[in-house]
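Single-letter residue listing:
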There are 2 protein chains.
Amino acid sequence: MSRPTMNDVARTAGVSLKTVSRVVNGEPTVTPDLAARVRAAVETLDYRPHLGASLLRRNDRRTRMIGVLLEDVSNPFSGVLHRAIEEEAHARGVHVLTGSLGEDERRERELARAFRQRQTDGLIIAPTGSDQTYLSRFTGTPIVFVDRQPSGFLADTVVSTNVAGAAVAVRHLAAHGHRRIAFLGDNQRIPTARERFRGYLQALGHRPGPVVHELRGEAAAERATIALLRRADPPTALFTSQNLITIGAVRALRRLDRHRSVALVGFDDFPLADLLEPAVTVVAQHPARIGRVAAGALFERIDGHDGPPREIRVATTLIARGSGEIFATGN
Amino acid sequence: MSRPTMNDVARTAGVSLKTVSRVVNGEPTVTPDLAARVRAAVETLDYRPHLGASLLRRNDRRTRMIGVLLEDVSNPFSGVLHRAIEEEAHARGVHVLTGSLGEDERRERELARAFRQRQTDGLIIAPTGSDQTYLSRFTGTPIVFVDRQPSGFLADTVVSTNVAGAAVAVRHLAAHGHRRIAFLGDNQRIPTARERFRGYLQALGHRPGPVVHELRGEAAAERATIALLRRADPPTALFTSQNLITIGAVRALRRLDRHRSVALVGFDDFPLADLLEPAVTVVAQHPARIGRVAAGALFERIDGHDGPPREIRVATTLIARGSGEIFATGN
DNA sequence: AATCCGGGAGACAACGTTGTCTTGGAGTAG
DNA sequence: CTACTCCAAGACAACGTTGTCTCCCGGATT
């Protein structure tokens, strides 16, 4: 026995198919009496409209579903972003299809295509691949980027003020007397990582400290930090340009028992940063705000807004907690 | 100009509608020559099949889409769970609709209904409401519960060994000489919370320590902990039965500078627990495994498995890190 | 009293796809 | 050389819904 259709409802209610349609869609031109009978029939049969058929016939093709592609739904930054987007969507009666990309370019393309095929009304993408040219075929599907700029394709983009934020972090360290401030950074393919490095360079004029790029994950950051501090001329302060790198650095400092003598400022806040010893000073991003703004922009586009692509920057905030306020010694 | 249909492809390729359908669906009974022409036409027109129409006509009603309802995609436990489910789904070419419930019963019902209406092939639910009776109407949509048991409705359920895990935690404290071990717990409406309390009682025989329930969130837990420790006869050890409660307790211990003298074991691991001072001993759950197992069970059901509802328990692991190994003093 | 008007309700077609049935032509066997 | 088989390819209907058009009936207008 398969699922009941409008026809079944019509038959049990003793009205025409179209009348059922009208009642279900809340059109006002139905006598209360008939409407009541229809609703009763809907109830007893447990009728639910077939969205596919409805979508097929309607001409305002809206699925009220958006797709969200994030780096990894299990990391806190993405999680908060995701939640914020979901709230905005929920407020509009829209559902969210989610996908994690890891750092897999192919998966990004696959999922973007697949979600579009499902006729999502729009996409929010935290791009992981180095090339988004493939999106140029996606006419009719609004797209908003978050966290990282796309390349090879232009659309609304919501990102943190990476250059300024990084510069603030580094100047904060300099203000505490540090001259040799190391940079520990992520893959330079990522536009965001490049920006943070630019901010670092900007703040230090032309006398940067030791620089390590391409750190992927905590373990790599930990190793790199240890190596840095064992050099003949070790840095007195560290600027870690990403979440996991910061944590890796904290681990390294602990291991070498230098956590009270080497200063540290991280880019991007993380839970419990305030409970560590010393508490970790960070330049916090505001993923919830980024998510809200991105969702807002997407829904504007979906509702027909048609201006040129916008780049929206969300400010960062320096949160001094201790690790960044360690003064330089000796030197 | 609206999106191209199979008919458009047929026309440009100079074949019949049905032939296009055959090529698109990979049916083997098409001459290579024609197939090539069709594929070329698909390419030039950027044709994508209309899933709604396809679903409407097909008789193996599968959307290859599942719905996942979690407490909050931005908390680490849910995030990891989510990611694991997504991986399993991805491996099967299935997409995931996600929703966060907060602690909102109504939202749980709304989203469950809405997802089902979208014809998700199945649902994975971390129930937040106290009553899942409404699901009994969901015939034809397999459901698997995670993290918490449902009530008023039976289906496959994947949860941690809460009773045993809590008992292990408490016995661990007892083994370090503690007699007054406090219980700090969540809302007793939640089956999982009740189980953990049972484990606590079980481990202590009939001589429990001070008990506080209904703690919601870090702040409440922090206040409760402070109150407990200021009593005339304060506990020498704490068992915190949930993530946020553990963190709240840590904050309280810090504030009172008792973090080196009062023992603490938390239920559920959290990031950076190992970096705190002292590192926090926990009974870790394994959300990734829970997610994998739940997704596995769901897909079995979707593929037609039809046994009685199963309750699958995922074992917890005690991770001794320091806070739980503080010995009782005085007493 | 005859006509008009309006609005509620039904008939019918169409959305884009796939299942089923039919057709026709090539190949094979007798 | 005819008849039969087989299979590629097309014609057609159907999936469940909504847009459009038509019909009919009751009340208002002249």
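Residues numbered from 1 in each chain as written. Chains lettered and ligands numbered in written order. Predicted model: local features only at pLDDT ≥ 70, side-chain atom pairs only at ≥ 80, totals over all residues. Heavy atoms only, no water.

- Chain A goes by LacI family transcriptional regulator in an unreviewed UniProt entry, where it is assigned to Actinoplanes lutulentus.

## Thoughts on the environment of Val30(A)
All names here are of chain A.
- Note on placement: Val 30 falls in the loop between helix H2 (17–24) and helix H3 (32–45).
- In this structure, the C-alpha to C-alpha distance between Val 30 and Gly 102, residues 72 residues apart in sequence, is 52 Å.
- If we ignore the near neighbours within four places in the chain, the residues touching Val 30 are Thr 19, Arg 22, Val 23 and Ala 35. (Helix = DSSP H or I, 4+ residues; strand = E, 2+ residues; numbered from the N terminus. Contact = heavy atoms within 4.5 Å.)

## Re the pattern of salt bridges
Residue and element names in this part refer to chain A.
- In this structure the tally under the stated criterion is 49 salt bridges over all chains.
- A salt bridge links Glu 311 to Arg 313, with the shortest nitrogen-to-oxygen separation between them at 3.1 Å.
- Overall, Glu 311 belongs to the partly exposed group, its relative accessible area being 47%.
- By relative accessible area, Arg 313 is classed as partly exposed at 32%. (Salt bridge = Lys/Arg side-chain N within 4 Å of Asp/Glu carboxyl O. Buried < 20%, exposed > 50% of the residue type's maximum accessible area, 1.4 Å probe, protein only.)

## Some details on the sheet that holds strand S2 (residues 95–100) of chain B
- The strand order across the open sheet built from twelve strands is S11(A)-S5(A)-S4(A)-S3(A)-S1(A)-S2(A)-S2(B)-S1(B)-S3(B)-S4(B)-S5(B)-S11(B), with neighbouring strands paired in mixed fashion. The open sheet has two edge strands, strand S11 (311–314) of chain A together with strand S11 (311–314) of chain B, and neither has a second partner. When the angles between neighbouring strand axes are averaged without regard to direction, this sheet yields 20°.
- By the bridge criterion, four bridges tie strand S1 (residues 65–70) of chain B to strand S3 (residues 122–125) of chain B in an arrangement that is parallel. Residue pairing in the sheet places Val68(B) in a bridge with Ile124(B) of S3(B). (Pairing = 2+ DSSP bridges. Axes fitted to C-alpha atoms, helices over the stretch in contact; angles between N-to-C directions.)

## A closer look at the protein's contact with DNA strand C
- The full set close to DNA strand C counts 25 residues, and Thr19(A), Thr31(A), Arg57(A), Met6(B) and Tyr47(B) are the nearest of them.
- Restricting the count to atoms of DNA strand C within 4 Å of the protein gives a sugar and phosphate share of 60%.
- Arg57(A) is positioned such that a nitrogen or oxygen atom in its side chain is 2.5 Å from a base nitrogen of DNA strand C.
- Lys18(B) has a polar side-chain atom sitting 2.7 Å from a base nitrogen of DNA strand C.
- Only H2 and helix H4 (51–57) of chain A together with helix H2 (17–24) and helix H4 (51–57) of chain B provide two or more residues apiece to the surface near DNA strand C.
- Ranked by the residues each element gives to the surface near DNA strand C, the list is headed by H4(B), at four residues.
- Of the residues belonging to the surface near DNA strand C, the class tally is ten nonpolar, nine polar and six charged. (Near = heavy atom within 4 Å. Polar contact = N/O pair within 3.5 Å; in protein donor to acceptor, adjacent residues only side chain to side chain. Nonpolar A, V, L, I, M, F, W, Y, C, P; charged D, E, K, R; others polar.)

## Looking at the packing of helix H7 (residues 162–175) of chain A against helix H8 (residues 191–203) of chain A
All names here are of chain A.
- At a minimum axis distance of 7 Å, the contact between H7 and H8 shows a crossing angle of 45°. Between H7 and H8, the interaxial angle falls into the category oblique. With respect to the hand of their crossing, H7 and H8 are arranged in right-handed fashion. Contacts from Asn 162, Val 163, Ala 166, Ala 167, Val 170 and Arg 171 in H7 reach Thr 192, Glu 195, Arg 196, Arg 198, Gly 199, Tyr 200, Gln 202 and Ala 203 in H8.
- Grouping the amino acids of the contact of H7 with H8 by side-chain chemistry returns six nonpolar, four polar and four charged. (Parallel < 35°, antiparallel > 145°, perpendicular 65-115°, else oblique. Left-handed = near helix turned anticlockwise from the far one by under 90°.)

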